[in-house]
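Here are the chains, one letter per residue:
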Amino acid sequence: MEQNTIKDKAAIVGVGESKYYKRGGSPVSEFGLACQAIINAAEDAGIKVTEIDGLASFAMEANEPSRLAGGLGLPELNFCNMAWTGGGGVAAAVANAAAAVVCGYAKYVAVFRALAQGQTFRFGQGTTGPGMAGLMGFTVPYGLTTPAQKIAMRVRRFMHEHKITQDALAAVSMASYHHAQFNPRAVMYGRPLTREAYDQSRWIVEPFHLFDCCMENDGASAVIVTTAERARDLKQKPAYIMAAAQGSDYRDIHDSENVPAFASSNYKHLSRRLYEMAGIEPEDVDVVQSYDHFSGGVVITLAEHGFCAADELMEFCTLDNLTWPNGKLPLNTAGGNLAECYVIGMQLVNEAARQVRGDATCQVKDAEISMMISGSVTTPASNLILHR
Amino acid sequence: MATEQSGSTYYLPELLPASPTPDGRDREFWEALKRHQIVVQRCNACGTLQMEPEWLCHKCLSFDRGWKEVAGKGRIYSWVRIWHPVPAKLKEICPFVVVLVELPDADNLRIAGNLLGDPQREVEIGAPVEAAFEDHKEKGYTLLQWRLVR
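Conventions adopted
Residues numbered from 1 in each chain as written. Chains lettered and ligands numbered in written order. Predicted model: local features only at pLDDT ≥ 70, side-chain atom pairs only at ≥ 80, totals over all residues. Heavy atoms only, no water. Helix = DSSP H or I, 4+ residues; strand = E, 2+ residues; numbered from the N terminus. Polar contact = N/O pair within 3.5 Å; in protein donor to acceptor, adjacent residues only side chain to side chain. Contact = heavy atoms within 4.5 Å. Buried area = accessible area lost by both parts, 1.4 Å probe. Salt bridge = Lys/Arg side-chain N within 4 Å of Asp/Glu carboxyl O. Nonpolar A, V, L, I, M, F, W, Y, C, P; charged D, E, K, R; others polar. Buried < 20%, exposed > 50% of the residue type's maximum accessible area, 1.4 Å probe, protein only. Pairing = 2+ DSSP bridges. 1 Å grid on protein atoms, 1.4 Å probe; cavity = no way out; pocket = protein on both sides within 12 Å on 5 of 7 lines; lining within 4 Å. Points joined across faces, edges and corners; volume = space filled by probe spheres on them. Axes fitted to C-alpha atoms, helices over the stretch in contact; angles between N-to-C directions. Arc of directions from axis to C-beta. Phe/Tyr/Trp six-rings, centres within 6.5 Å; stacked < 30°, edge-to-face > 60°. Lys NZ or Arg CZ within 6 Å of the ring centre and 35° of its normal. Parallel < 35°, antiparallel > 145°, perpendicular 65-115°, else oblique.

## Concerning the side chain of Ser 374 of chain A
Residues and elements named next belong to chain A. Take Ser 374: it is sitting in strand S11 (residues 369-374). A polar atom in the side chain of Ser 374 sits 3.0 Å from the backbone nitrogen of Ala 91. Contact partners of Ser 374, with chain neighbours within four places excluded, come to Gly 87, Gly 88, Gly 89, Val 90, Ala 91, Tyr 267, Tyr 291, Ala 381, Ser 382 and Asn 383.

## With respect to the interface of chain B and chain A
With 39 residues of chain B at the interface, the matching set in chain A holds 37 residues. Buried area between chain B and chain A, summed over both chains or domains, comes out near 3300 Å², and the portion from carbon and sulfur atoms is 58%. For chain B, the biggest contributors to the area lost against chain A are Glu 52, Val 86 and Arg 110 of chain B; these three give 18% of the whole. Arg 81 of chain B serves as the salt-bridge partner of Glu 206 of chain A, at 2.6 Å between the closest nitrogen and oxygen. Here chain B is connected to chain A by 17 residue pairs in polar contact (both at pLDDT 80 or more). At the level of elements, helix H1 (27-34), strand S4 (73-82), strand S5 (96-103), strand S6 (109-114) and strand S8 (141-148) of chain B are the ones that each hand at least two residues to the side of chain B that touches chain A. Counting residues per element, the side of chain B that touches chain A draws most heavily on S4 of chain B, at six residues. In the side of chain B that touches chain A, the residues fall into 24 nonpolar, nine polar and six charged.

## With respect to the pairing of S8 of chain B
Residue and element names in this part refer to chain B. Within S8, six of the eight residues are buried, which leaves it mostly tucked inside the rest of the structure. One ladder, built from eight bridges, connects strand S7 (residues 128-136) with S8; its direction is antiparallel. Pairing of Asp 135 across the sheet is with Thr 142, part of S8. Between S7 and S8, which pair antiparallel in sequence order, lie four residues; one of them, Gly 140, sits at a positive phi of approximately 80°.

## Description of the layout of surface pockets
Roughly 210 Å³ of internal volume is contained in the second largest pocket. Along its surface, the second largest pocket is lined by 13 residues, and Asn 258 and Pro 260 of chain A together with Leu 49, Asp 107 and Leu 109 of chain B are the ones closest to its centre. Elements supplying a minimum of two residues to the lining of the second largest pocket: strand S2 (49-50) and S6 of chain B. Classifying every residue of the lining of the second largest pocket gives five nonpolar, five polar and three charged.

## Some details on the sheet that holds S2 of chain B
All names here are of chain B. Judged by pairing direction, the sheet is antiparallel, and its three strands sit side by side in the order S2-S1-S3 without closing on themselves. The strands lining the two open edges of the sheet, one partner per strand, are S2 and strand S3 (65-70). With two bridges connecting them, strand S1 (residues 38-43) and S2 associate as antiparallel partners. The partner of Gln 41 across the bridge, within S2, is Gln 50. Its contacts with the sheet put H1 on S1 and S3, and the angle it makes with S1 is roughly 150°.

## With respect to H1 of chain B
Because an α-helix packs 3.6 residues into every turn, residues spaced three or four apart end up facing the same way. All names here are of chain B. Where H1 is concerned, the buried positions are Phe 29, Trp 30, Ala 32 and Leu 33. Taken end-on, H1 shows its buried residues confined to a sector of 160°, consistent with a single buried face. In this fold, the buried residues of H1 make contact with S1, S3, S6, S7 and S8. After H1 finishes, the residue His 36 shows a positive phi value of roughly 60°.

## Concerning the packing of aromatic side chains
The geometry of two aromatic rings is summed up by the distance between their centres and the angle between their planes. Residues and elements named next belong to chain A. Under the defined criterion, the tally for this structure stands at nine aromatic pairs over all chains. A centroid spacing of 6.3 Å and a plane angle of 65° characterise the contact between Tyr 291 and Tyr 342, whose relative ring orientation is edge-to-face. Of the two residues, Tyr 291 is situated in the loop between strand S10 (287-290) and helix H9 (295-304) and Tyr 342 in the loop between helix H12 (336-340) and helix H13 (346-357); the sequence distance between them amounts to 51 residues. What makes Tyr 291 buried here is its relative accessible area of 1%. Lying over the aromatic face of Phe 262, Arg 154 brings its terminal NZ or CZ to 5.4 Å of the ring centre.

## Things to note about the packing of helix H5 (residues 166-180) of chain A against H9 of chain A
All names here are of chain A. Their axes nearest at 8 Å, the elements H5 and H9 cross at an angle of 100°. When the axes of H5 and H9 are compared, the pair comes out roughly perpendicular. Across the interface between the two elements, Ala 168, Leu 169, Val 172 and Ser 173 from H5 touch Ser 295, Gly 296, Val 298 and Val 299 from H9.

## Notes on unusual backbone geometry
Here Trp 324 of chain A and Pro 325 of chain A are connected by a cis peptide whose omega angle stands at 5°. Note on placement: Pro 325 of chain A falls in the loop between helix H11 (319-322) and H12. A cis amide bond links Met 51 of chain B to the next residue, Glu 52 of chain B, at an omega of -10°. Phi at Arg 251 of chain A takes a positive value of approximately 50°, unusual for a residue other than glycine. Position of Arg 251 of chain A relative to the elements: it lies in the loop between strand S9 (239-247) and helix H8 (268-278). Backbone geometry at Asn 266 of chain A places phi at a positive 85°, although glycine is not the residue there. Mapped onto the fold, Asn 266 of chain A is located in the loop between S9 and H8. Assessed through its relative accessible area of 0%, Asn 266 of chain A is described here as buried.

Below, the structure written as structure tokens:
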């Protein structure tokens, strides 16, 4: 039975990024970083910036589309769209762009995210003001204020239910740092991480050490999405969008402590929909980028995408298995949020596309199918699969 | 570090006020705490218990909301020990422990609070706890804290 889906109808044809900086290090504004990433993605695609006629982002991107279109001198803006949620929205923004080009709203959509936490709001500073929103009122008075703390609560329960130790979290963190050593763009390039340094690093919130938590950075990343038909005549090998999904599990309410599947990363039905659309199985995936704001969320996410059962994670989630060039499932091969740059995960799409094009810094040999997962213990979440 | 010191009846300094949702959907919960009672939302139409409170019942979609008082006894469902101070003013008090407590008397719905006592002790998931009410009289609110049942 033929499904009516987005499968193979659109592709990522260009990737670009600003220079990545430590928090506060960017000499230009967040808006300038966004423009630079989009310009670089257009150049990589071999199109003129003025051919871009759509903009898509996520996580309440602050640089709004009319200013960007004006700043970049776009003759026509035909589509602009924001996916609800935070880091769970990356793949959804790509999916929205794909839908837009396939439906004919726009021809070339730039999907982008910029973040300069040195210039604006710092997520790690928590929510404590009088305007504190909704459900945070149930935790903030007790000092539970930040994403790290709230996610640690869920990861702790998962570790208890499935007998997960710190070793699995350390493997995720060290895999990101390992891959960053081959990527000159990475903020942690030249800064390898040993297990000893991981163990000795201070606790942020148990069970997260410092190195289990992503960095705060200034940077921007972007990709260009167009139809599969146009993609064939462009400069780069297309990274075809094989499947994409977005959503939440049953009553998985943001910031609620009463989520029925509390010890979960929120992908149980999303991963099923993703594989069904792509028509593949987990063992067909050659390389994965999984949103790593906190290592523990990635551990759960890998199980919920069927790479192993939750009770097999301690055997599966090892540094050997997760690292290029010999691992079973190379993870976050440019360094991820932990060690490349924290652009709320947008940079993971760039890497997922590079892997199937064949020009990644830790290029997985003959990579045909590449997965990108955004979010992880956040909601709504999203994910996508690319193929060459 | 956070302890129950004589002279201070608060587990954390009063930096972070309890703050009912501006739209009022959880007002009854916070009001009950001031009376040293724990209530959860109970649907008047179908009896479903629900936390955190919402304007309607997720089971039968009735907007006719009531409240059920539940016993202040629970089990530790999950926990974290916080070392990095946010906001920075909490530096003096770190580390401290936040527990998520499930309430067997309320279909195992969960409520967060601090675990009173030595913040560096081992914490066990499943351990029984009982409620302790922390009155902030000047600011006009009460927090729900927990202590291990000996």
